[in-house]
Amino acid sequence: MPCEHHIHPSILSADFSQLASELNAISTADAAHIDVMDNHFVPNLTWGLPVVKRLREVSPVPFDVHLMIEDADRWAPQYAEAGCESVTFHAEAAIAPIKLARTLRESGTKAGMALRPATAVEPYLDMLSELDMLLIMTVEPGFGGQKFLEVTLPKIRRAAQAISGSELSLRLQVDGGITEQTILAAAEAGADTFVAGSSVYGADDIEAAIAGLRGAAEKGSAAHR
Ligand code: DX5
Ligand code: ZN
């Protein structure tokens, strides 16, 4: 199956005083990854709906919103209505994930579901048809700049097998600790969509960093096939 690699820089590592220009700096990326944290689901706090709404209006790239919040059933649809192209809620934070994914899709948004590193994928395999993206966290959610957890690789592999052995076309995203080195292993395991915060915004040349990640992902997934 052809696999186009998508690179989603996370603005969690951007300069918060310059978010509009930081979004312009990643115009060669496939989407901007927007981490919403509520200081309950994760021990950190970022921005909420009004800020995300306004940033969407000035962004040259689509928004991939990652909700690290409790009460996802209540809040996620509002990000869809705000024009975010893709909205990902955590399986651990949704009371009715199938209903929520359907609500997101009905409003024309891609529905994503995320799993913490220690959450198994198997209980969710039967609902993959309800999703446009499955996000496997490769660090504990909450902070940028953490080390990639290799212990998640077998789960990425099992999820990729479940997807490729079906008629489904959902994307398999990884988030956390993605660098030009770790992206090789993630792509080799079958991921096709890569979130990268510190390795993009911490680079001297942001466009070169995005291109470097793309190239490495290509190499990694050639080994997967
Ligand atoms: C962490 C966030 C990530 C974060 C990744 O909870 O979900 O999106 O920005 O940052 P890096 O790429 O630096 O690990
Ligand atoms: Zn994220």
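Reading the values: rules and limits
Residues numbered from 1 in each chain as written. Chains lettered and ligands numbered in written order. Predicted model: local features only at pLDDT ≥ 70, side-chain atom pairs only at ≥ 80, totals over all residues. Heavy atoms only, no water. Pairing = 2+ DSSP bridges. Helix = DSSP H or I, 4+ residues; strand = E, 2+ residues; numbered from the N terminus. Axes fitted to C-alpha atoms, helices over the stretch in contact; angles between N-to-C directions. Contact = heavy atoms within 4.5 Å. Donors = N, O, S within 2.8 Å, 3.2 Å for Na, K, Ca; no water. Tetrahedral: all angles 85-135°; square planar, octahedral: opposite > 155°, others 65-115°. Buried < 20%, exposed > 50% of the residue type's maximum accessible area, 1.4 Å probe, protein only. Polar contact = N/O pair within 3.5 Å; in protein donor to acceptor, adjacent residues only side chain to side chain. Lys, Arg positive; Asp, Glu negative; His and termini not counted. Salt bridge = Lys/Arg side-chain N within 4 Å of Asp/Glu carboxyl O. Right-handed = clockwise from strand over helix to strand, strands pointing away. Near = heavy atom within 4 Å. Areas by Shrake-Rupley, 256 points an atom, 1.4 Å probe, with all protein chains shown as cover.

Participant: Residues and numbers for the sheet that holds strand 1 (residues 6-9), please.
Facilitator: Strand order across the open sheet formed by eight strands is 1-8-7-6-5-4-3-2, with parallel pairing between neighbours. Two strands bound the open sheet, and with one partner strand each, they are strand 1 and strand 2 (32-37). Ignoring strand direction, the axes of neighbouring strands in this sheet form an average angle of 25°. Note: strand 7 (residues 171-175) against strand 8 (residues 193-196), three bridges, orientation parallel. For Asp 175, the partnering residue across the bridge sits in strand 8 and is Val 195. Strand contacts of helix 2 (residues 49-58): strand 2 and strand 3 (63-68), with the helix running at about 165° to strand 3, the strand carrying the most contacts.

Participant: Explain the coordination of the zinc ion (ligand 2) to me, using residue names and the numbers behind them.
Facilitator: Six octahedral donors around a metal ideally sit at 90 or 180 degrees from one another, while four tetrahedral donors ideally sit at 109.5 degrees. For the zinc ion (ligand 2), the full set of protein donor atoms is His 33 (NE2), Asp 35 (OD), His 66 (ND1) and Asp 175 (OD), and the range of their distances to it is 2.1 to 2.3 Å. Taken together, the six donor atoms coordinating the zinc ion (ligand 2) and their angles of 71 to 173° define a geometry best described as octahedral. Mapped onto the polypeptide sequence, the residues donating to the zinc ion (ligand 2) form the spacing pattern H-x1-D-x30-H-x108-D. In this pair, His 66 sits in strand 3 while Asp 175 sits in strand 7, placing the two residues 109 residues apart along the sequence. Exposure class is identical for His 66 and Asp 175. Each is buried.

Participant: Now, about the environment of Ser 21: what can you tell me, with residues and values included?
Facilitator: The topology assignment puts Ser 21 in helix 1 (residues 19-24). On the basis of relative accessibility, which here comes to 40%, the residue Ser 21 falls in the partly exposed class. A sequence separation of 38 residues divides Ser 21 from Ser 59, and the C-alpha atoms of the two residues are 8.8 Å apart. A polar contact is formed between the side chain of Ser 21 and the backbone oxygen of Gln 18, at a distance of 3.2 Å.

Participant: Summarise the side chain of Lys 155; cite the residues concerned and give the values.
Facilitator: Secondary-structure assignment places Lys 155 in helix 5 (residues 153-164). No salt bridge forms around the buried Lys 155; measuring N to O, its nearest opposite-charge neighbour Glu 92 is 6.8 Å away. Side-chain polar atoms of Lys 155 contact the backbone oxygen of Arg 116, separated by 3.0 Å. Ignoring sequence-local partners within four residues, the contact set of Lys 155 consists of Leu 115, Arg 116, Pro 117, Ala 118, Thr 119, Ala 120, Val 121 and Ile 136.

Participant: Explain the pairing of strand 2 to me, and be specific about the residues and the numbers.
Facilitator: Taken across its six residues, strand 2 has six buried, putting it largely inside the fold. Because side chains alternate across strand 2, one face comprises the buried residues Ala 32, Ile 34 and Val 36, and the other comprises His 33, Asp 35 and Met 37, equally buried. Direction of pairing for strand 2 relative to strand 3: parallel, over a ladder of six bridges. Bridge pairing links Met 37 to Met 68 in strand 3. In this fold, strand 2 hands off to helix 2, which returns the chain to strand 3; that crossover is right-handed.

Participant: So what about the site of ligand 1? Which residues, and what values?
Facilitator: Inspection of the region around ligand 1 gives 19 residues, with Ser 10, Gly 142, Asp 175, Gly 197 and Ser 198 positioned closest. Contact between ligand 1 and Gly 142: an oxygen atom at 2.6 Å from a main-chain N or O atom of the residue. Considering ligand 1 on its own, with 380 Å² of exposed area, one finds that the protein chains cover 100% of that surface. When residues of the shell around ligand 1 are traced back to their parent elements, those giving at least two are strand 2, strand 3 and strand 8.

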